[in-house]
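# Structural description and commentary
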Amino acid sequence: MNLHVTDETSRLRAVVLGTAVSNGPTPTIDEAYDPKSLEHIKAGTYPVEADMIKEMDAFNAVFQKYNVTVYRPEIINDYNQIFSRDIGFVIDDVFVKANILPDRERELDAIQYIIDQIDPKKVVRPPEEVHIEGGDVMLYNDHIFIGTYKGSDYKDFITARTNMQGVQYIKDLFPNKIVKEFDLVKSKIEPRDNALHLDCCFQPVGKNKGIIYKSGFREEADYMYLVNLFGAENLFHITREEMYQMNSNVFSIDTNVVVVEQNFTRLIDWLESNDFIVEKIPYAEIAKQEGLLRCSTLPLLRDK
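None of these values were measured; they are calculated from a predicted model.

This part takes up the pattern of salt bridges. Evaluated as defined, the whole model comprises 19 salt bridges. Across the pair Glu279 and Lys65 runs a salt bridge whose closest N-O atoms are separated by 2.7 Å. Within this pair, whereas Glu279 is found in strand β14 (residues 277-281), its partner Lys65 is found in helix α2 (residues 49-65), the two being separated by 214 residues in sequence. Lys65 gets classed as exposed once you look at its relative accessible area, which sits at 54%. Note that Lys280 and Glu272 form a salt bridge whose closest N and O atoms lie 3.0 Å from each other. Overall, the relative accessible area of 42% leaves Lys280 in the partly exposed class.

Structure follows, in C-alpha coordinates:
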(Lines give C-alpha, C1' and ligand atoms only; values in the text may rest on other atoms or scores of the structure.)
Protein backbone atom coordinates (compact mmCIF):
# COMPACT_ATOMS: atom_id res chain seq x y z
CA MET A 1 0.00 0.00 0.00
CA ASN A 2 1.33 3.43 -0.95
CA LEU A 3 1.14 6.22 1.58
CA HIS A 4 1.25 9.94 0.86
CA VAL A 5 0.05 12.75 3.11
CA THR A 6 1.74 16.17 3.15
CA ASP A 7 -1.19 18.41 4.11
CA GLU A 8 -4.71 18.38 5.52
CA THR A 9 -6.65 19.30 2.40
CA SER A 10 -5.36 17.69 -0.83
CA ARG A 11 -7.70 15.27 -2.60
CA LEU A 12 -8.23 12.27 -0.33
CA ARG A 13 -7.94 8.77 -1.83
CA ALA A 14 -7.73 6.41 1.18
CA VAL A 15 -8.61 6.76 4.86
CA VAL A 16 -9.18 4.74 8.02
CA LEU A 17 -12.56 5.67 9.50
CA GLY A 18 -13.17 4.56 13.09
CA THR A 19 -16.21 2.56 14.11
CA ALA A 20 -18.91 2.91 16.76
CA VAL A 21 -20.03 -0.72 16.48
CA SER A 22 -19.91 -2.58 19.82
CA ASN A 23 -18.87 0.64 21.53
CA GLY A 24 -19.50 -0.73 25.01
CA PRO A 25 -21.43 0.66 27.97
CA THR A 26 -21.32 4.29 29.12
CA PRO A 27 -18.03 4.77 30.99
CA THR A 28 -18.01 5.42 34.72
CA ILE A 29 -16.92 8.82 36.02
CA ASP A 30 -13.51 7.31 36.87
CA GLU A 31 -13.10 6.02 33.31
CA ALA A 32 -13.59 9.38 31.58
CA TYR A 33 -10.58 10.43 29.48
CA ASP A 34 -11.59 14.07 29.05
CA PRO A 35 -13.77 16.73 30.74
CA LYS A 36 -16.46 16.78 28.03
CA SER A 37 -17.16 13.05 28.31
CA LEU A 38 -17.19 13.49 32.08
CA GLU A 39 -19.75 16.29 31.78
CA HIS A 40 -22.11 14.08 29.74
CA ILE A 41 -21.58 11.00 31.93
CA LYS A 42 -22.62 13.06 34.97
CA ALA A 43 -25.58 14.63 33.13
CA GLY A 44 -26.87 11.30 31.82
CA THR A 45 -26.53 12.57 28.22
CA TYR A 46 -23.58 10.41 27.12
CA PRO A 47 -24.17 9.24 23.52
CA VAL A 48 -25.67 5.82 22.78
CA GLU A 49 -24.21 3.39 20.28
CA ALA A 50 -27.09 3.41 17.78
CA ASP A 51 -26.91 7.18 17.36
CA MET A 52 -23.14 7.16 16.92
CA ILE A 53 -23.29 4.36 14.33
CA LYS A 54 -25.82 6.45 12.38
CA GLU A 55 -23.51 9.46 12.46
CA MET A 56 -20.49 7.47 11.30
CA ASP A 57 -22.58 5.92 8.52
CA ALA A 58 -23.38 9.45 7.32
CA PHE A 59 -19.66 10.27 7.27
CA ASN A 60 -18.92 7.05 5.39
CA ALA A 61 -21.59 7.91 2.82
CA VAL A 62 -19.77 11.17 2.03
CA PHE A 63 -16.55 9.23 1.44
CA GLN A 64 -18.40 6.88 -0.90
CA LYS A 65 -19.80 9.87 -2.80
CA TYR A 66 -16.24 11.05 -3.47
CA ASN A 67 -14.90 7.56 -4.28
CA VAL A 68 -12.56 7.44 -1.30
CA THR A 69 -11.27 3.99 -0.27
CA VAL A 70 -12.37 3.50 3.34
CA TYR A 71 -10.80 1.04 5.77
CA ARG A 72 -12.46 0.27 9.11
CA PRO A 73 -10.90 -1.20 12.28
CA GLU A 74 -11.61 -4.81 13.16
CA ILE A 75 -14.35 -4.85 15.79
CA ILE A 76 -13.31 -5.30 19.41
CA ASN A 77 -16.35 -6.13 21.53
CA ASP A 78 -17.50 -3.45 23.98
CA TYR A 79 -14.66 -1.09 23.12
CA ASN A 80 -14.53 2.51 21.89
CA GLN A 81 -12.86 2.59 18.46
CA ILE A 82 -14.27 5.84 17.08
CA PHE A 83 -11.19 8.06 17.19
CA SER A 84 -8.73 6.47 14.78
CA ARG A 85 -6.75 9.74 14.51
CA ASP A 86 -5.29 9.19 17.98
CA ILE A 87 -3.63 5.86 17.26
CA GLY A 88 -1.50 6.72 14.25
CA PHE A 89 -0.78 9.20 11.50
CA VAL A 90 0.98 9.48 8.15
CA ILE A 91 3.62 12.10 7.33
CA ASP A 92 4.83 11.97 3.72
CA ASP A 93 5.04 8.17 3.19
CA VAL A 94 5.75 7.17 6.80
CA PHE A 95 3.18 5.62 9.14
CA VAL A 96 3.82 6.60 12.76
CA LYS A 97 2.22 4.40 15.41
CA ALA A 98 1.19 6.67 18.26
CA ASN A 99 2.10 6.07 21.87
CA ILE A 100 -1.39 6.45 23.25
CA LEU A 101 -2.88 5.99 26.69
CA PRO A 102 -2.04 2.38 27.67
CA ASP A 103 -5.73 1.47 27.99
CA ARG A 104 -6.17 2.11 24.26
CA GLU A 105 -3.37 -0.08 22.91
CA ARG A 106 -5.86 -2.60 21.52
CA GLU A 107 -7.11 0.00 19.04
CA LEU A 108 -3.79 -0.26 17.21
CA ASP A 109 -4.13 -4.06 17.04
CA ALA A 110 -7.50 -3.58 15.31
CA ILE A 111 -5.88 -1.79 12.36
CA GLN A 112 -2.82 -4.06 12.20
CA TYR A 113 -4.25 -5.70 9.05
CA ILE A 114 -3.89 -2.32 7.33
CA ILE A 115 -0.40 -1.66 8.71
CA ASP A 116 0.63 -5.11 7.42
CA GLN A 117 0.00 -3.85 3.86
CA ILE A 118 2.57 -1.05 4.28
CA ASP A 119 6.30 -1.44 3.60
CA PRO A 120 7.69 -2.29 7.09
CA LYS A 121 10.56 0.17 6.55
CA LYS A 122 7.89 2.90 6.39
CA VAL A 123 6.28 2.04 9.74
CA VAL A 124 7.80 3.53 12.89
CA ARG A 125 7.00 3.34 16.60
CA PRO A 126 8.45 5.98 18.93
CA PRO A 127 10.16 4.89 22.16
CA GLU A 128 8.06 4.67 25.30
CA GLU A 129 8.91 8.10 26.76
CA VAL A 130 7.68 9.78 23.58
CA HIS A 131 3.99 10.72 23.79
CA ILE A 132 2.33 11.81 20.57
CA GLU A 133 -1.21 11.48 19.21
CA GLY A 134 -2.48 12.15 15.70
CA GLY A 135 -4.88 14.90 16.76
CA ASP A 136 -1.86 17.00 17.73
CA VAL A 137 -0.05 16.52 14.40
CA MET A 138 -1.05 18.73 11.49
CA LEU A 139 0.63 19.02 8.10
CA TYR A 140 0.86 22.20 6.07
CA ASN A 141 3.17 21.81 3.08
CA ASP A 142 6.73 22.12 4.47
CA HIS A 143 5.40 22.67 8.01
CA ILE A 144 4.50 20.14 10.67
CA PHE A 145 2.41 21.76 13.40
CA ILE A 146 2.35 19.88 16.71
CA GLY A 147 0.16 20.57 19.73
CA THR A 148 1.82 19.95 23.09
CA TYR A 149 1.69 20.99 26.74
CA LYS A 150 4.78 22.53 28.32
CA GLY A 151 3.48 22.83 31.89
CA SER A 152 5.59 21.24 34.65
CA ASP A 153 2.42 19.40 35.72
CA TYR A 154 2.19 17.52 32.39
CA LYS A 155 2.02 14.12 34.06
CA ASP A 156 -1.01 15.19 36.14
CA PHE A 157 -3.10 15.90 33.05
CA ILE A 158 -4.81 13.00 31.28
CA THR A 159 -5.73 15.67 28.71
CA ALA A 160 -2.03 16.35 27.92
CA ARG A 161 -1.42 13.86 25.11
CA THR A 162 1.77 14.97 23.32
CA ASN A 163 4.95 15.86 25.17
CA MET A 164 8.07 17.76 24.08
CA GLN A 165 9.86 14.44 23.51
CA GLY A 166 7.16 13.81 20.91
CA VAL A 167 7.94 17.11 19.22
CA GLN A 168 11.67 16.29 19.20
CA TYR A 169 11.00 12.81 17.80
CA ILE A 170 9.21 14.29 14.78
CA LYS A 171 11.97 16.89 14.32
CA ASP A 172 14.54 14.09 14.22
CA LEU A 173 12.42 11.96 11.89
CA PHE A 174 11.76 14.81 9.42
CA PRO A 175 14.83 17.10 9.50
CA ASN A 176 13.83 18.84 6.27
CA LYS A 177 10.47 20.03 7.63
CA ILE A 178 9.70 23.12 9.67
CA VAL A 179 8.40 21.59 12.90
CA LYS A 180 6.53 24.15 15.02
CA GLU A 181 5.03 23.22 18.38
CA PHE A 182 2.10 24.99 20.03
CA ASP A 183 1.60 25.06 23.80
CA LEU A 184 -2.10 24.28 24.33
CA VAL A 185 -4.49 25.20 27.14
CA LYS A 186 -5.53 22.13 29.16
CA SER A 187 -8.21 21.52 31.77
CA LYS A 188 -9.26 18.34 33.51
CA ILE A 189 -12.61 19.77 34.58
CA GLU A 190 -13.81 22.46 32.13
CA PRO A 191 -14.19 21.31 28.50
CA ARG A 192 -14.64 24.93 27.36
CA ASP A 193 -11.05 25.56 28.44
CA ASN A 194 -9.47 22.34 27.22
CA ALA A 195 -7.77 21.98 23.85
CA LEU A 196 -7.39 18.20 24.01
CA HIS A 197 -5.46 18.21 20.72
CA LEU A 198 -4.29 20.90 18.30
CA ASP A 199 -7.28 20.18 16.02
CA CYS A 200 -9.56 21.33 18.87
CA CYS A 201 -8.36 24.92 18.39
CA PHE A 202 -6.93 25.12 14.87
CA GLN A 203 -7.14 23.48 11.45
CA PRO A 204 -6.20 24.53 7.92
CA VAL A 205 -8.86 24.42 5.20
CA GLY A 206 -8.44 24.97 1.47
CA LYS A 207 -5.03 26.10 0.26
CA ASN A 208 -4.38 29.05 2.57
CA LYS A 209 -7.22 29.38 5.08
CA GLY A 210 -7.82 28.10 8.58
CA ILE A 211 -10.20 27.87 11.54
CA ILE A 212 -8.73 29.09 14.82
CA TYR A 213 -9.56 29.64 18.50
CA LYS A 214 -7.19 32.20 19.98
CA SER A 215 -7.66 31.24 23.63
CA GLY A 216 -6.70 27.61 22.93
CA PHE A 217 -3.05 28.68 22.92
CA ARG A 218 -1.18 29.31 26.20
CA GLU A 219 1.20 31.71 24.47
CA GLU A 220 -0.01 34.58 22.30
CA ALA A 221 3.18 34.20 20.24
CA ASP A 222 2.01 30.74 19.11
CA TYR A 223 -1.33 32.16 17.99
CA MET A 224 0.45 35.05 16.22
CA TYR A 225 2.71 32.58 14.39
CA LEU A 226 -0.38 31.20 12.61
CA VAL A 227 -1.87 34.66 12.03
CA ASN A 228 1.37 35.76 10.37
CA LEU A 229 1.68 32.57 8.33
CA PHE A 230 -1.91 32.46 7.06
CA GLY A 231 -2.86 36.15 7.21
CA ALA A 232 -5.58 37.42 9.56
CA GLU A 233 -8.02 37.79 6.66
CA ASN A 234 -7.74 34.05 5.91
CA LEU A 235 -8.58 32.84 9.43
CA PHE A 236 -12.07 32.16 10.75
CA HIS A 237 -12.05 32.89 14.48
CA ILE A 238 -14.34 30.73 16.58
CA THR A 239 -15.78 31.57 20.01
CA ARG A 240 -15.26 29.68 23.28
CA GLU A 241 -18.65 28.00 22.84
CA GLU A 242 -17.88 27.09 19.21
CA MET A 243 -14.56 25.60 20.34
CA TYR A 244 -16.49 23.55 22.92
CA GLN A 245 -18.81 22.33 20.13
CA MET A 246 -15.62 21.50 18.14
CA ASN A 247 -16.07 23.84 15.16
CA SER A 248 -12.39 23.55 14.20
CA ASN A 249 -12.63 19.76 13.99
CA VAL A 250 -13.85 19.51 10.40
CA PHE A 251 -12.40 17.21 7.74
CA SER A 252 -11.25 18.09 4.22
CA ILE A 253 -11.77 15.68 1.32
CA ASP A 254 -10.29 18.16 -1.15
CA THR A 255 -9.01 21.74 -1.21
CA ASN A 256 -12.59 22.87 -1.89
CA VAL A 257 -14.61 20.13 -0.11
CA VAL A 258 -15.05 20.16 3.67
CA VAL A 259 -17.18 17.86 5.84
CA VAL A 260 -18.76 19.82 8.70
CA GLU A 261 -21.17 19.07 11.55
CA GLN A 262 -24.57 20.30 10.33
CA ASN A 263 -25.16 22.63 13.31
CA PHE A 264 -22.05 24.78 12.73
CA THR A 265 -24.08 27.44 10.92
CA ARG A 266 -21.68 30.38 11.29
CA LEU A 267 -18.75 28.31 10.06
CA ILE A 268 -20.80 26.85 7.19
CA ASP A 269 -21.77 30.37 6.06
CA TRP A 270 -18.11 31.45 6.09
CA LEU A 271 -16.97 28.37 4.16
CA GLU A 272 -19.71 28.72 1.55
CA SER A 273 -18.99 32.44 1.16
CA ASN A 274 -15.38 31.39 0.38
CA ASP A 275 -16.57 28.98 -2.35
CA PHE A 276 -16.14 25.73 -0.41
CA ILE A 277 -18.45 22.80 -1.06
CA VAL A 278 -19.68 21.94 2.45
CA GLU A 279 -20.87 18.40 3.16
CA LYS A 280 -23.10 18.76 6.23
CA ILE A 281 -23.63 15.70 8.41
CA PRO A 282 -24.96 15.02 11.94
CA TYR A 283 -22.12 14.40 14.40
CA ALA A 284 -23.33 16.09 17.59
CA GLU A 285 -23.59 12.86 19.59
CA ILE A 286 -20.00 11.81 18.88
CA ALA A 287 -18.93 15.38 19.75
CA LYS A 288 -19.96 14.69 23.35
CA GLN A 289 -16.75 12.64 23.69
CA GLU A 290 -14.58 15.67 22.88
CA GLY A 291 -13.81 14.43 19.38
CA LEU A 292 -15.32 15.08 15.98
CA LEU A 293 -14.73 14.56 12.27
CA ARG A 294 -10.95 14.89 12.04
CA CYS A 295 -10.58 12.74 15.16
CA SER A 296 -12.50 9.89 13.52
CA THR A 297 -10.19 9.68 10.49
CA LEU A 298 -6.68 8.52 9.72
CA PRO A 299 -5.79 9.62 6.16
CA LEU A 300 -3.45 7.24 4.31
CA LEU A 301 -3.33 8.68 0.80
CA ARG A 302 -3.87 12.14 -0.59
CA ASP A 303 -2.96 13.32 -4.09
CA LYS A 304 0.50 14.75 -4.57
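Time to look at the pairing of strand β1 (residues 12-17). Burial analysis of β1 places five of its six residues in the buried class, which makes it a mostly covered element. Pairing of β1 with strand β15 (residues 297-302), which is carried by five bridges, proceeds in the antiparallel orientation. Across the sheet, Leu12 pairs through a bridge with Arg302, a residue of β15. With three bridges connecting them, β1 and strand β2 (residues 69-71) associate as parallel partners. For Val16, the partnering residue across the bridge sits in β2 and is Tyr71.

This brings us to the sheet that holds strand β7 (residues 143-148). Across the sheet, three strands lie side by side as β6-β7-β8; this open sheet has mixed pairing. The sheet is open, and its two borders are formed by β6 (137-140) and β8 (178-183), each paired with just one other strand. Going across the sheet, the axis of each strand differs from the next one's by a mean of 25°, ignoring polarity. Sheet analysis places β7 next to β8, joined by six bridges and oriented parallel. Paired with Phe145 across the two strands is Lys180, which belongs to β8.

Bringing unusual backbone geometry into the picture now. Unusually for a residue other than glycine, Asn67 sits at a positive phi of about 55°. On the secondary structure map, Asn67 appears in the loop between α2 and β2. Exposure remark for Asn67: the relative accessible area of 62% places this residue in the exposed category. With a phi close to 70°, Asp275 is a non-glycine residue in the positive phi region. Structurally, Asp275 is set in the loop between α8 (265-273) and β14. Take Asp275: its relative accessible area is 66%, and that puts it in the exposed class.

Here we take up the packing of aromatic side chains. Within this structure, the stated rule accounts for twelve aromatic pairs. Between Tyr140 and Phe145 the ring centres are 6.0 Å apart and the planes differ by 20°, which places this aromatic pair in the stacked class. When sorted by exposure, Tyr140 lands in the same class as Phe145, which is buried. Members of the aromatic cluster, connected to one another through ring pairs, are Tyr140, Phe145, Phe182, Phe202, Phe217, Tyr225 and Phe230. We note Lys36 situated over the ring of Tyr244; from NZ or CZ to the ring centre the distance is 4.5 Å. Over the face of the ring belonging to Tyr79 we find Arg106, whose NZ or CZ atom lies 4.5 Å from the ring centre.

So, about the nonpolar core. The biggest cluster of nonpolar side chains holds 59 residues, and the ones touching the most others in it are Phe202 and Phe217. Per-element tally for this core: the top contributor is α2, with five residues. Apart from the residues lying within four places of it in its own chain, the contact partners of Phe202 are Met138, Phe145, Ile211, Ile212, Phe217, Leu226, Phe230, Leu235 and Ser248. Of all hydrophobic cores here, the second largest spans 33 residues; its members include Phe89, Ile111, Ile146 and Leu300.

Now for the state of the cysteines. If you walk through the whole model with that rule in mind, you get zero disulfides. With no disulfide partner, Cys200 has as its closest neighbouring cysteine sulfur the one in Cys295, 5.6 Å distant. Residue Cys200 is classed as buried on the basis of its relative accessible area, which comes to 1%. For the unlinked cysteine Cys201, the closest cysteine sulfur is that of Cys200, found at 7.0 Å. Assessed through its relative accessible area of 0%, Cys201 is described here as buried.

Conventions adopted
- Residues numbered from 1 in each chain as written.
- Predicted model: local features only at pLDDT ≥ 70, side-chain atom pairs only at ≥ 80, totals over all residues.
- Heavy atoms only, no water.
- Salt bridge = Lys/Arg side-chain N within 4 Å of Asp/Glu carboxyl O.
- Helix = DSSP H or I, 4+ residues; strand = E, 2+ residues; numbered from the N terminus.
- Buried < 20%, exposed > 50% of the residue type's maximum accessible area, 1.4 Å probe, protein only.
- Pairing = 2+ DSSP bridges.
- Axes fitted to C-alpha atoms, helices over the stretch in contact; angles between N-to-C directions.
- Phe/Tyr/Trp six-rings, centres within 6.5 Å; stacked < 30°, edge-to-face > 60°.
- Lys NZ or Arg CZ within 6 Å of the ring centre and 35° of its normal.
- Core = buried A, V, L, I, M, F, W, Y, C linked by side-chain atoms within 4.5 Å.
- Contact = heavy atoms within 4.5 Å.
- Disulfide = S-S within 2.5 Å.

Geometric values such as these leave the question of function open.
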